[in-house]
Amino acid sequence: KSKFNFQLCPEHVSAQLTGYKHNAVAPVGYRHELPLILSHSIAELQPCFIWLGGGHVNLKLGCSVAQLVAATMCRVQDVTY
């Protein structure tokens, strides 16, 4: 863990990497291939349901964590410190 420094990137960099505007970033369809990491704490929520960006500022996607992991092949990791 000590080798990683997780932080939000500037809005313009996010748009370049993902193709999505601020507050619209979805977990799929990125402009460039990016790793998707999900905190194990989120995966343990009860009920195990989350809301995500849907590609537009006014659109959100709701799904179970299992659906998200299956659709995106994201890694569930302990990223807390």
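Our subject is the structure that appears above.
Here, residues in each chain are numbered from 1, in the same order as that chain's written sequence. Given that the model is predicted, a residue must reach a pLDDT of at least 70 before its local features are reported, and side-chain atom pairs must reach 80 or more before they are shown or counted; all residues, however, enter totals for whole chains, interfaces and linings. Side-chain numbers come from the whole structure's heavy atoms, not from hydrogens or water.

**Q** Summarise the side chain of Ser39; cite the residues concerned and give the values.
**A** Only DSSP runs of H or I reaching four residues or more are called helices, and only runs of E reaching two or more are called strands; each is numbered from the N terminus. Of note, Ser39 is situated in strand S1 (residues 37–39). Residue class for Ser39 comes out buried when judged on its relative accessible area of 15%. Only heavy atoms enter the contact rule, under which two residues are in contact if any of them lie within 4.5 Å. Leaving out residues up to four positions away in the same chain, Ser39 has contacts with Val76, Gln77 and Val79. Throughout this description, buried means an accessible area under 20% of the type-specific maximum (1.4 Å probe, protein chains only), exposed means over 50%, and partly exposed covers the range between.

**Q** Explain the pairing of strand S3 (residues 59–64) to me, and be specific about the residues and the numbers.
**A** The side chains of a regular strand alternate between both faces of the sheet. Of the strand pairs in this sheet, strand S2 (residues 49–56) and S3 are connected by 6 bridges, and their pairing is antiparallel. Along S3, the bridge assignment pairs Phe49 with Ser64. Between S2 and S3, which pair antiparallel and follow one another directly, the connecting turn spans 2 residues. DSSP calls a pair of strands paired once it identifies at least 2 bridges connecting them.

**Q** Just give me the short version of the packing of aromatic side chains, but keep the residues and values in it.
**A** Planes of paired rings set the category: under 30 degrees apart is stacked, over 60 is edge-to-face and the rest tilted, where pairs are Phe, Tyr or Trp rings (Trp by its six-membered ring) whose centres lie within 6.5 Å. Tallied over the entire structure, the rule returns 1 aromatic pair. When the ring of Phe49 is compared with that of Trp51, the centres are 5.6 Å apart and the planes differ by 80°; the resulting orientation is edge-to-face. Look at Phe49 and you get partly exposed, because its relative accessible area is 40%.

Nothing here speaks to function; it is all geometry.
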